[in-house]
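Report on the structure
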Amino acid sequence: MSVVLHHLNICRICLSERNLRNILMFGTTTIKWIEDIKAYYKIELSSHDNKSTKLCIDCMNKVEKWRKIVDKAVSNQTIVEFFAEKLQEEMKRNKDGI
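What you see is a predicted model, and the numbers here were worked out from it, not measured in a lab.

1. Remarks on helix α1 (residues 30-41)
For α1, spanning twelve residues, the distance from its first C-alpha to its last is 16 Å, which sits close to the expected 16 Å at 1.5 Å a residue. Along α1, the residues classified as buried are T30, W33, D36 and I37. End-on view of α1: buried residues confined to an arc of 130°, all on one side of the axis. Looking one or two residues beyond α1, the residue adopting positive phi is K42, at roughly 60°.

2. Details of the side chain of K54
With respect to the secondary-structure elements, K54 resides in strand β2 (residues 54-56). For K54, which is buried and forms no salt bridge, the nearest opposite charge comes from E17, at a distance of 10 Å. Contact partners of K54, with chain neighbours within four places excluded, come to L8, N9, I10, C11, R12, L20, R21, N22 and I23.

3. What about the packing of α1 against helix α2 (residues 57-96)?
Look at α1 against α2: their axes get within 11 Å of each other, and the N-to-C directions meet at 80°. The angle between α1 and α2 falls in the class roughly perpendicular. Residues K32, W33, D36, I37, Y40 and Y41 of α1 lie in contact with α2, whose contacting residues are M60, K62, V63, E64, W66, R67 and V70. Among the residues forming the contact of α1 with α2, the class breakdown is eight nonpolar, no polar and five charged.

4. Section: the nonpolar core
The biggest cluster of nonpolar side chains holds twelve residues, and these are C11, L20, I23, W33, I37, I43, L45, L55, C56, C59, M60 and V63. Counting only elements with at least two residues in this core, the list comes to α1, β2 and α2. Considering every element that reaches this core, the biggest residue donor is α2, with three residues. What I43 contacts, discounting residues up to four positions off in sequence, is R12, I13, I37 and K38.

5. Considerations on the pattern of salt bridges
Applying the stated criterion across every chain, the model contains five salt bridges. The residue K32 makes a salt bridge to D36 at a minimum N-O spacing of 3.1 Å. Highlighted residues: K32 and D36, both in helix α1, separated by four residues, approximately one helical turn. Between K38 and E44 there is a salt bridge; the shortest N-O distance is 3.8 Å. Taking the relative accessible area as the measure of exposure, K38 reaches 42% and is therefore partly exposed. Using a relative accessible area of 53% as the deciding quantity, one classes E44 as exposed.

Reading the values: rules and limits
Residues numbered from 1 in each chain as written. Predicted model: local features only at pLDDT ≥ 70, side-chain atom pairs only at ≥ 80, totals over all residues. Heavy atoms only, no water. Helix = DSSP H or I, 4+ residues; strand = E, 2+ residues; numbered from the N terminus. Expected span 1.5 Å × (residues − 1). Buried < 20%, exposed > 50% of the residue type's maximum accessible area, 1.4 Å probe, protein only. Arc of directions from axis to C-beta. Lys, Arg positive; Asp, Glu negative; His and termini not counted. Salt bridge = Lys/Arg side-chain N within 4 Å of Asp/Glu carboxyl O. Contact = heavy atoms within 4.5 Å. Axes fitted to C-alpha atoms, helices over the stretch in contact; angles between N-to-C directions. Parallel < 35°, antiparallel > 145°, perpendicular 65-115°, else oblique. Nonpolar A, V, L, I, M, F, W, Y, C, P; charged D, E, K, R; others polar. Core = buried A, V, L, I, M, F, W, Y, C linked by side-chain atoms within 4.5 Å.

Here it is as structure tokens:
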């Protein structure tokens, strides 16, 4: 028994052949998808390299989930920075005897 995979019709991340979407056909959001996939999975998508540019729905959902986690982490850094500044100010006041 042989297994035949059509290398352009598989998910670039998990190799699934089901529920595929071509990332390069997402219009204005295509660049964001390409950037996120490169950042999260170290995979570069290009129409010029004879490799699949498709993702399955499951992997697309994982990219979306990662986006939310990254956005939350970036947002939380504002709070972390605020607390760090307040602590630094308090330490300086204590040092200066104020």
